[in-house]
Amino acid sequence: MKFLELSIYFSKLELISSRNEMTIILADLLKSLGKDEIKEAMYLMQGRVVPRFIPIEFNFAGKLMQKVLKGFAGDEKIVSDLFEKTGDLGLVAEQIIKTKTKNLSVKEVHVLLNEVALLGGKGSVEEKIKRVAELFSKLDKTEAKFAARILVGNLRLGLSDKTVLDAISWAVAGDKSQRELIERAYSVRSDIGLITEEILKKGVGSVKDFNVEVGLPVASKLVEREKNVKSIFERLGEHIIQPKYDGMRAQIHFLRKGFEISLKAKEQNGFFDGQIEKQTVRIFSRNMESLTDMFPDVADAVAAINVDSLVIDSEVIGYDENTDTFFPFQETSTRRRKYGVKEKVEEIPIKVMAFDLLYLNGKDMTLEKIEKRLSLLEKILKQDKTGKLNFSDSPVVKTEKELAERFAKYIDLGLEGIISKKHGTIYEPGTRNFDWIKLKFTTKSHIADTIDTVVLGYYFGRGTRAKFGFGALLLGIYNRKTDEFESVAKLGTGIKDEDFLKIRPVLEKIKISAKPKNVKVVKFLEPDEWVEPKVVVEVDADEITKSKNHMAAMDKEGRGLSLRFPRMKVFGRDKEVRQATTAEELKKLFQLQKK
Ligand code: ATP
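Everything quoted here is computed from the prediction, not taken from an experiment.

Thresholds, definitions, all that
Residues numbered from 1 in each chain as written. Predicted model: local features only at pLDDT ≥ 70, side-chain atom pairs only at ≥ 80, totals over all residues. Heavy atoms only, no water. Near = heavy atom within 4 Å. Polar contact = N/O pair within 3.5 Å; in protein donor to acceptor, adjacent residues only side chain to side chain. Helix = DSSP H or I, 4+ residues; strand = E, 2+ residues; numbered from the N terminus. Nonpolar A, V, L, I, M, F, W, Y, C, P; charged D, E, K, R; others polar. Core = buried A, V, L, I, M, F, W, Y, C linked by side-chain atoms within 4.5 Å. Buried < 20%, exposed > 50% of the residue type's maximum accessible area, 1.4 Å probe, protein only. Contact = heavy atoms within 4.5 Å. Axes fitted to C-alpha atoms, helices over the stretch in contact; angles between N-to-C directions. Parallel < 35°, antiparallel > 145°, perpendicular 65-115°, else oblique. Left-handed = near helix turned anticlockwise from the far one by under 90°. Pairing = 2+ DSSP bridges.

Chemist: Outline the site of the ligand, listing residues and values.
Modeler: Residues in close proximity to the ligand total 19 residues, the closest being Lys 244, Glu 315, Lys 421, Lys 438 and Lys 440. In the model, an oxygen atom of the ligand is placed 2.7 Å from a nitrogen or oxygen of the Lys 440 side chain. Of all elements in the fold, only strand 1 (222–225), strand 2 (239–244), strand 11 (417–421) and strand 12 (432–440) reach the threshold of two or more residues within the shell around the ligand. No other element matches the 4 residues that strand 12 contributes to the shell around the ligand. Of the residues that constitute the shell around the ligand, the class distribution is 7 nonpolar, 1 polar and 11 charged.

As structure tokens, this is what we get:
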């Protein structure tokens, strides 16, 4: 396929808001791809050259793109004026590029972009600009529009994973019938390029028995909620419990012989900086992003264990040696950074609290029972000499009383609550069911859990808050059925002055000029500024109530659910927006509250 054809598909997708239509167009695109360019097209569609979990980024800031475009416009002012007007370098490129297309193929453009992404080290910025300019001299305006957006990390086709998985089913079956099977395969090996290629080449049957593969992130198993100890015990009877640690979820992969990536690209590229040659450890967040660079201390500890390969599910949490206590999530999450990692390793030492084993010495463990997984995990972690790798406390509770006592003990120790785990269960990637149930300690609130909301916009502040540039946030939850974000609360109280200062620049970065198509909010609550749904905020509230003002999980009478007295707990959770609390979950929490 020519890159121009792909760009025309992108133009079509960008204009559509109906998910069904998007699915059909995307399916059509998939069917038109040649067998040897599927992966490349899939990654480009995600605005990348490699799967999301491989940390190869373009690092091509808007300023660099402006430089390239100035070369074509011949005049600096034209570019800056256009950019000022549109705020989108894709649109700027579209207006400035006047050349005719040289008809590069999808694969050729992928190779060129991959080279740009792999450039690093001294002199690489100039080289990147040179190569991007060369690429642009071969593109027409439509191609340049999307190439520019891909390079600056702003493709925004509005394609969720869900739509892509639907489209693969459409492409091979003409309907959504294969969707569940495809989703399962994707949850075991989260590489959209690999899954699509496999299915389009060999049929859906070929991914049916996909196992966990070390190095490729597995979708994290999620948990259900219950209101109290009694209802958990009624449901599970005797079972295993573990403390709920409030850190960052980390899936740790280890392969003694090392993961090799992009060596082909390396050969093509004299400037390769050699950073990502052969890793033995990969660490993924719950969003399947790479955390490997942030936890060199964990990587060292894991590599010292005597196994050939390993995948463990864990919570990484900041730990204060002086007081023998864990840091709150906010502190731990400061380890998440690009620069100054070394300093942070010392400032915020962490502990890995490992609570499951997914893979061991070449074997997928997810189909083994929990008892076996935990006993093997405990045995392996005993080898650790650094004190970094810890086996989560995992006692069995035989009675409701015992469960209540243990829960109280963990709360006394300053932990968030517990996760109850059913005897005899396997590890089902990406699922949320009552095999795992969380119970958190809440004082004032009537809700069994905090709510993970998505920032949809903000209101300017009045009075003392005017100086912060905003006074309140508009928050929404995610509706999985419609792939929309529905407003659930306006949050103004509980934001501290120092938080205002931290939040403001984040909002400024994601500000957009109009309401996104997939955001639902009543007219009079429309915020002063809209933002791209990108940031997840964990909030606590007194109650969930029915309300005509909000559109979350709306009933037939037009009443949605909203949060009473919402209070901010964490701005910027380690979650993707589509992993925020869903309309279905909010409804369940509302029911639980009424119980
Ligand atoms: P929360 O916001 O309450 O931390 P969540 O809604 O983000 O939770 P859930 O799937 O509901 O996500 O809760 C499970 C999360 O709890 C996991 O993603 C993991 O990060 C964390 N966790 C902490 N301790 C454990 C444990 N022992 N077993 C499983 N998950 C644990």
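Chemist: So, the nonpolar core: which residues are in play, and what are the values?
Modeler: Core analysis: the largest hydrophobic core is formed by 76 residues, its most contacted members being Phe 60, Met 65, Leu 69, Leu 113, Phe 136 and Leu 151. In contact with Phe 60, not counting residues within four places along its chain, are Met 65, Val 68, Lys 128, Ile 129, Val 132, Leu 151 and Val 152. Counting residues in each nonpolar core, the second largest holds 47 residues, with Val 218, Ala 250, Ile 305 and Met 365 among its members.

Chemist: How would you summarise the packing of helix 5 (residues 76–86) against helix 6 (residues 89–96) if you had to cite specific residues and measurements?
Modeler: As a packed pair, helix 5 and helix 6 sit with axes 9 Å apart at the nearest point and diverge in direction by 135 degrees. If you check the angle between helix 5 and helix 6, you find them oblique. The handedness of the crossing between helix 5 and helix 6 comes out as right-handed. Only Leu 89, Leu 91, Val 92, Gln 95 and Ile 96 of helix 6 make contact with helix 5, whose side of the interface consists of Val 79, Leu 82, Phe 83 and Thr 86.

Chemist: Hey, could you go over the pairing of strand 5 (residues 309–320) for me, with residue numbers and the actual values?
Modeler: Where burial is concerned, most of strand 5 is hidden: 11 out of the 12 residues are buried. For strand 3 (residues 248–260) and strand 5, the ladder comprises 8 bridges, and the chain directions are antiparallel. Note that in strand 5 the partner of Ile 252 across the bridge is Ile 312. One ladder, built from 2 bridges, connects strand 5 with strand 6 (residues 325–326); its direction is antiparallel. In the strand pairing of strand 6, Tyr 319 is matched with Phe 326. Counting the residues between successive antiparallel strands, the hairpin from strand 5 to strand 6 contains 4 residues, one of them, Asp 324, with a positive phi of roughly 55 degrees.

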